[in-house]
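# Notes for the structure review
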Amino acid sequence: MNRSSISRILLLALLASSRAAAADAAPFRHAEATVAQLQAEMAAGRLTSEQLTRDYIQRILDLDQGGPGVNSVIEINPDAVSMARDADAKRQRGIVLGPLHGIPVLLKDNIDTGDRMQTTAGSFALAGTPAPRDSTVAAKLRAGGAVILGKTNLSEWANFRSFESVSGWSGRGGQTHNPYGIDRNPCGSSSGSGAAASANFSTVSLGTETDGSVVCPANANGVVGLKPTVGLTSRAGVVPISHTQDTVGVHARTVADAAATLSVIQSRTSDGRDAATGGVPLGWQGTGKTRPTGIPIDYTQFVDPNGLRGARIGLTRVGLNGFDPFVPTPQPVTDAIEAAFAKLTDAGAIVIDLDAAGFTFASADGEFLVLLFEFRNDLAAYLSTRVGVPVAGGTLQTAIDFNNANEDREMPFFNQDIFDLAAALEPGPDDPQPIFGGLTYNQALAIDHNAGVNGIDAAIKQFRLDAVVSATDNPAWATDLVYGDHFLFGTSGLAAGPGYPIVQVPAGMVFGVPLGISFFGSAFSEPTLIKLASGYEAFTQVRANNLPTFAATAPSTNIGGTTLTRVRRATPSSAPARASVPRKPRNL
């Protein structure tokens, strides 16, 4: 299913407008349908899981693989229809296994499924024999009666291969596009998951986040992104970056659907395959705080349309002017952010300006060293579980060697300098790392731990907050395979190092491109964040009033040029006759 990215982009520029119009002529009957609505339809006998699954597959074929060409789905599960039939048969016998029973779900292509599908992280290095067993989250989906519909494309190796990478591009899957504007980027690394959920290619989808890879695609594609506390969802059977920061999250079109999905995939107790599922994230380690014993079974109980009334929200604008002082955030984006913030007060929240109050978030300057150090070791552990693929049983160096030997497929646009950097680190956790000025891995961990204690935790305690809020990321840029990504700002780092949760929710539009805000909390604060985010969603209805159009470009209006008319030749009656003169042929 790999495609030539450049030729496809050029082709889409010519064809997407007409095809999008054709797609709109036949509305999808399950468009924006929620988990609860679909369950009600199936319970009443008006819909079967098999019908729903076939409808999603057809929509993927029409709009993802054909039509405007979102290219978010890298593989359809050949067993999806049979899974749906099984769910229907159980329902007929009165057996409903959970809130996702019969509901089609797409999984990011770095999440193992012990079936006939590949798990490749977008790289041909992992293509071949499928994973030998389900990841914990895939097993939980099966146990809950969900239909595993397929796998989504991603930024190759979860966007951890090169500083020059292009979000949404992988060697195996090509370039994923944004359903709000095919020329726009879906953001990474869970780009396919976010784009697919937005385009109604499944009811919900799973992504993974290390720092921003759930919330950034949610922001760019106008959907809800729920990044759980590290250890609330198991990473067993997931191609890793960092055991300190990785987490499996959700993309959905509503907060309620994200909450229902979290209810199914979470590990309330240790799964035996991932130590984090029995412990606490980095930000709580050494503080005396322990894993809660009363982790909820059902997170949908916290969905509240009035969830912001009386809530104390700490607002920060730190970094929103842009990472680079010479490339500031454009005024229309800033205006949209401020309008989104104003809705918090309009919805009944008490908003405390943390910046004006002089609060400073501790930085997580140790993060990149932690990620590099853990990636090298964690990847080798994962590769030991795989057979029948080029890097099976190998190391990071094996993957580097594979890429060098397959440059035409794996590195046509960008290199693997992050891989090379990770491979160059000293081996011990207390070894000074010259690349980082002598900082050690353990010292870097301490810095990131402090980012939780004297960051989100300190703000919540000092100002008696329910959550911290900021804008998520800048709106989606136009995909650029020459110069790479165009991040202006991003706030996921507030929670990444310590391993804390985020719920991102659509909050506005800038020239037809989505913009979101993020609710941050301390570890295991998902119930509160779901309540607040659902309150914001209900009050603003941003997604409901701004659905994707699959336009060729975004913005799609006021960009046309003048209309030229053909100059007509003068007729014999209006012009004197001219003698025929031989002419030199035109340049061919």
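Computed from a predicted model, the values in this text were never measured in an experiment. (Residues numbered from 1 in each chain as written. Predicted model: local features only at pLDDT ≥ 70, side-chain atom pairs only at ≥ 80, totals over all residues. Heavy atoms only, no water.)

## Considerations on the side chain of Thr329
Defined as follows: In this description a helix means any DSSP run of H or I spanning at least four residues, a strand means any run of E spanning at least two, and both kinds are numbered starting from the N terminus. In this scheme, a residue with accessible area under 20% of its type's maximum is buried, one over 50% is exposed, and one in between is partly exposed, where area comes from a 1.4 Å probe on protein chains only. Two N or O atoms form a polar contact when they lie within 3.5 Å of each other; inside protein one atom must be a possible hydrogen donor and the other a possible acceptor, and for residues adjacent in sequence the pair counts only when both atoms belong to side chains. The contact criterion used throughout is that any non-hydrogen atoms of two residues lie within 4.5 Å.
Examined against the element boundaries, Thr329 turns out to sit in the loop between strand 9 (312-315) and helix 10 (331-346). Thr329 sits in the buried class, given a relative accessible area of 10%. Reaching out from Thr329, the side chain makes a polar contact with the backbone oxygen of Leu320 at a distance of 2.6 Å. Leaving out residues up to four positions away in the same chain, Thr329 has contacts with Leu320, Asn321, Gly322, Thr334, Leu488 and Phe489.

## Describing the side chain of Thr233
You can see Thr233 is positioned in the loop between strand 7 (224-227) and strand 8 (247-252). Here Thr247 takes part through its side chain, which lies 3.2 Å from a polar atom of the side chain of Thr233. In terms of polar contacts, Thr233 uses its side chain to reach the backbone carbonyl oxygen of Val248, at 2.8 Å. Discounting residues that sit within four places of it in the chain, Thr233 has contacts with Pro228, Thr247, Val248, Leu262, Ile265, Gln266, Ser267 and Asp274.

## What to know about the sheet that holds strand 8
What holds strands together in a sheet is hydrogen bonding between their backbones, with the strands either parallel or antiparallel. Quick note on the threshold: The criterion for strand pairing is that DSSP finds at least two bridges linking the strands in question. Each axis is a line fitted through C-alpha atoms, taken for helices only over the stretch in contact, and angles between the N-to-C directions span 0 to 180 degrees.
Strand order across the open sheet formed by 11 strands is 1-3-2-6-8-7-12-13-11-9-10, with mixed pairing between neighbours. The open sheet terminates on both sides in strands that have one partner only, identified here as strand 1 (73-76) and strand 10 (350-353). Geometrically, the sheet is characterised by an average inter-axis angle of 30° between neighbouring strands, direction not taken into account. Two elements, strand 2 (residues 104-108) and strand 6 (residues 204-209), share 3 bridges in a ladder whose sense is parallel. If you follow Val105 over to strand 6, its bridge partner there is Val204.

## Examining helix 12 (residues 396-405)
Quick note on the threshold: As used here, the arc is the angular range of directions from the helix axis to the C-beta atoms.
Looking at helix 12, one finds that the buried residues are Leu396, Ala399, Ile400, Phe402 and Asn403. Around the axis of helix 12, the buried residues are gathered within 160° of arc, so they sit on the same side. Contacts made by the buried residues of helix 12 are with helix 6 (156-159), helix 11 (367-383), helix 13 (407-410) and helix 14 (417-423). A distance of 3.2 Å separates the backbone nitrogen of Gln397 from a side-chain oxygen at the start of helix 12, and that oxygen is part of Thr395.

## Digging into the packing of helix 3 (residues 49-65) against helix 4 (residues 80-92)
Applicable threshold: Orientation labels follow simple angle bins: below 35 degrees gives roughly parallel, above 145 gives roughly antiparallel, 65 to 115 gives roughly perpendicular, and whatever is left gives oblique. Residues are grouped as follows: Ala, Val, Leu, Ile, Met, Phe, Trp, Tyr, Cys and Pro are nonpolar; Asp, Glu, Lys and Arg are charged; all remaining types, including Gly, are polar.
With their axes 7 Å apart at the nearest point, helix 3 and helix 4 run at an angle of 155° to one another. When the axis of helix 3 is compared with that of helix 4, the two are roughly antiparallel. From helix 3, Ser49, Glu50, Thr53, Arg54 and Ile57 reach across to helix 4, where they touch Ala80, Val81, Ala84, Arg85, Ala87 and Asp88. Partitioning the contact of helix 3 with helix 4 into residue classes produces 5 nonpolar, 2 polar and 4 charged.

## Focus on the state of the cysteines
Note the following rule: By disulfide we mean two sulfur atoms from cysteines, separated by a distance within 2.5 Å.
Using the criterion set out here, one finds 1 disulfide in the structure. Through a disulfide, Cys187 is tied to Cys216; the S-S separation comes to 1.6 Å. The disulfide joining Cys187 to Cys216 has a torsion of about 85° about its S-S bond and is therefore right-handed. With a gap of 29 residues between them, Cys187 in the loop between strand 5 (174-175) and helix 7 (191-198) and Cys216 in helix 8 (residues 215-221) connect regions that are remote in the sequence. An identical accessibility class is assigned to Cys187 and Cys216; each is buried.

## Re unusual backbone geometry
With omega at 0°, the peptide bond leading from Gly188 into Ser189 counts as cis. With a phi angle near 65°, Glu32 is a residue other than glycine that sits in the positive phi range. The residue Glu32 is located in the loop between helix 1 (5-24) and helix 2 (35-43) in this model. By relative accessible area, Glu32 is classed as partly exposed at 22%. Of note in the backbone geometry, Ala158 takes a positive phi value of approximately 55° without being a glycine. Structurally, Ala158 is set in helix 6. Overall, Ala158 belongs to the buried group, its relative accessible area being 11%.

## Some thoughts on the pattern of salt bridges
The line we're drawing: The rule for a salt bridge is simple: a side-chain nitrogen of Lys or Arg has to be within 4 Å of a carboxyl oxygen of Asp or Glu.
With the rule as written, the count across this model stands at 17 salt bridges. Two residues, Asp55 and Arg29, come together in a salt bridge whose shortest N-O distance is 2.8 Å. You can see Asp55 sitting in helix 3 and its partner Arg29 sitting in the loop between helix 1 and helix 2, a full 26 residues away along the chain. Here the residues in one salt-bridge network are Glu32, Arg253 and Arg543, joined through shared partners.

## Examining the environment of Pro68
On the secondary structure map, Pro68 appears in the loop between helix 3 and strand 1. For Pro68, a relative accessible area of 0% gives the class buried.

## Examining the environment of Glu156
In this fold, Glu156 is placed in helix 6. Relative accessible area serves as the criterion here: at 2%, Glu156 is assigned to the buried category. The sequence separation of Glu156 and Trp169 amounts to 13 residues, and the corresponding C-alpha distance is 6.3 Å. Non-local contacts of Glu156, meaning those with residues more than four positions away in its chain, are made with Ala121, Gly122, Ser123, Arg161, Trp169, Ser170, Gly171 and Glu410. At 2.9 Å, the side chain of Glu156 forms a polar contact with the side chain of Arg161.

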